[in-house]
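Residues per chain are reported as follows:
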Amino acid sequence: MYCMNCGTHNADTNRFCLQCGKPLMATPVSLQEPSRGGWIPPGAPATMPRSPQRRFPWLWFISGGLIVVALLCVGGYLLARQWLRLGTNEAVKLMPADTMMMMSLSPGPLQVSRLQNLAPLSGVLGAVMGETGAAPMDLGAQSLDIDFARDIQPWIGLEAVAGIVDTGAGEPALVAAVASRSSRESAAFLKKVRTQMEGSGAVFEEERYSGILVVYKTSGDSSDQLAYAEINRFVIAATSLDGLHALIDAAQGKQTALPKNSTYQRMMKELSGNRFGYLYADWATIRKMGGSEELDRLAGDMLQAVGAALVLENDGLRLDYVMLVNPDSIPDAWRVAMEMAANPNKVTAALPEDTLVMYSGQKLRLLFDQIADVAGLADVGGESLMTQIERSLGINLEQDLFGWADGEYALALISDPDSEGPLGILQMPANLLLLIETKDDRVAERGMQNIADALTREGGSQFNEEKIGGVTFHTITDPYQATTIGYGLVNHFVVIGTSHQVLREVATAADQSLARDDAFRNFISRLPARNSGYVYMNVELLVDTVYEQMPEYAQKDFDASTRPYLKSVRAIGLANQQPGGKDVQRGSMFLLLARNVDP
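This is a predicted model, so every value here is computed, not measured. (Residues numbered from 1 in each chain as written. Predicted model: local features only at pLDDT ≥ 70, side-chain atom pairs only at ≥ 80, totals over all residues. Heavy atoms only, no water.)

**Brief notes about the nonpolar core**
- Membership of the largest hydrophobic core comes to 35 residues, with the highest contact counts inside it found for M95, M102, I236 and M267.
- With 4 residues, the top contributor of residues to this core is strand β3 (residues 173–180).
- If near-sequence neighbours (up to four positions away) are discounted, M95 is found in contact with M102, V161, G163, V165, V175, L247, A250, A257 and L258.
- Counting 29 residues, the second-largest nonpolar core is a separate cluster that includes M358, I468, L503 and V506. (Core = buried A, V, L, I, M, F, W, Y, C linked by side-chain atoms within 4.5 Å. Buried < 20%, exposed > 50% of the residue type's maximum accessible area, 1.4 Å probe, protein only. Helix = DSSP H or I, 4+ residues; strand = E, 2+ residues; numbered from the N terminus. Contact = heavy atoms within 4.5 Å.)

Written out as structure tokens, the structure is:
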């Protein structure tokens, strides 16, 4: 062995170096690997022998297997997505560019997994479709022997579209397209429908249009037409032959399809991508086809298009809506409302928890101007609505109300079991409540006193001062109808109510306010946090309130015919995102569902 001190070669049996006397290492140097750049003993090999490395071929098998599994998962997902039409949005390519309005169902995988959440709504949807005629009642009248599991489920995909298109030949056509996973199965279904309808007296003919076999009904009047075909793995149908031709032309590129419409493209950029489906309406086309004074007054040139994405949540449905507007055509009152800062929503802490319906916002004057504008009352005979009110009632709204009402407001319907309705208008145990925020209580009190004096001069009855719930209110009661209206100040809100009970609830709402209600807090968490106010309806409480005042025979009828459709819905409402953009307005509507409710 070699001495690590002087490098002298020694016999393997030596314990000390013959040259320097230093102890020799027990491990042979030949098995040690010198460090990089270290000293190598004379005669030693330049590279020390290494221990043989052990190879692990099974690592390659595991790595390769994982790669294959990943590829199979991705490939399987893509194939299933194409086969089931998951979120592909292919059906819209069948719609012409001048489609007036349409609804598309093209759910992504996450949304499909939440389909079971719709089960409690099956009764609601069935009732709505049956009552409004949205269901194919004409087919139902034919007494067709069609079973969904047997005749439809084997071929139907998860993508569909329905809409209204302008055919240029009279009335617009209703059109629809449904993805088919099996052309053989879908063809068998269409043949079965045709055979049964022919057995009931319907007459069908066939034609070849652009190479596509088209079947259309020739019997019956113009309101009872039907045409259908299959193209690009979709079953398509329309209420007129021209409507079906428009779909085929769009699919084959002979007519511009909706995806190439610039307004539609802009809308798709604004809508949420994670959706179950969406709605689209071209306002300009709708006005052109069915223009009326009412439509012009509602939005005029301000609105360009409306869209909404339907999103399934674990406990409800959310509709994220978008409005594309023309900045140059927005009325002043609407422009100010769109540009305002977000609403603090302090008013919800002043409302009682048994609020049935509520509408809140900011700056009461803006609401007044918007209503007058939409109702066509902004200028009647050269007079503004405020001038008309002052002339007829002697109330100067600008001075006595709008001058101090520059904060939040809320108009609500409050449960009132002992009442027969507000001012004898609504025959239900509830009353009206109006809350208006003020920054100066004394100015607000003077304004309300002026309004009360004007009403006294007009009607002859005097307001009386009384304590309700520890708060001073000014009330007036109609002895013939047993109705009361009163006003007062509670925590910097002017409170106007139509019963003693409602006024009492507001005066004592601090610990039992709407803002503290768990259902309401859960509900508003799904709406835009920065908003202009809420529209809210507590469906559960509203149904129970109406139910309690029904006679027994009416309750039995309600339980049998109506309650099954409403028991799954807890609340519904919406909120606009604030502030809005110059040419885009957004917001959300949410339908809160009850859990563990049998459909």
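Picking up after the structure, the text goes on.
**Focus: helix α6 (residues 183–199)**
- End to end, α6 covers 24 Å across 17 residues, agreeing with the expected 24 Å (1.5 Å per residue, within 8%).
- Along α6, the residues that are buried comprise S186, F189, L190, V193, R194, Q196 and M197.
- Once α6 ends, the next one or two residues include G201, with phi positive near 105°. (Expected span 1.5 Å × (residues − 1).)

**What about the environment of E205?**
- Note on placement: E205 falls in strand β4 (residues 204–209).
- Taking the C-alpha atoms as reference, E205 lies 6.4 Å from K217; in sequence the two are 12 residues apart.
- The contacts of E205, once residues within four sequence positions are left out, are V214, V215, Y216 and T218.

**Comments concerning the pairing of strand β16 (residues 464–468)**
- Inspection of the sheet shows β16 paired to strand β17 (residues 471–478) by 5 bridges, in the antiparallel sense. Looking across to β17, one finds that N464 is bridged to T475.
- Where β16 hands over to β17, the hairpin turn is made up of 2 residues, of which G469 adopts a positive phi near 65°. (Pairing = 2+ DSSP bridges.)

**Considerations on the packing of aromatic side chains**
- A full pass over the atoms with the stated rule returns 12 aromatic pairs.
- On the numbers, 5.4 Å between centres and 90° between planes, the contact of Y264 with Y280 is edge-to-face. With Y264 in helix α8 (residues 262–270) and Y280 in strand β8 (residues 277–282), this pair connects stretches of sequence that are 16 residues apart.
- Seen from their ring centres, Y359 and Y409 are 6.3 Å apart, and the 40° between their planes marks the pair as tilted. Taken together, the residues span a long stretch of sequence, with Y359 in strand β11 (residues 355–362) and Y409 in strand β14 (residues 408–415) at a distance of 50 residues.
- Taken together through their ring pairs, the aromatic side chains of F520, F523, Y534, Y536 and F590 make up a single cluster.
- Looking at R563, its charged tip hangs above the ring of Y547, at a distance of 4.5 Å from the centre. (Phe/Tyr/Trp six-rings, centres within 6.5 Å; stacked < 30°, edge-to-face > 60°. Lys NZ or Arg CZ within 6 Å of the ring centre and 35° of its normal.)

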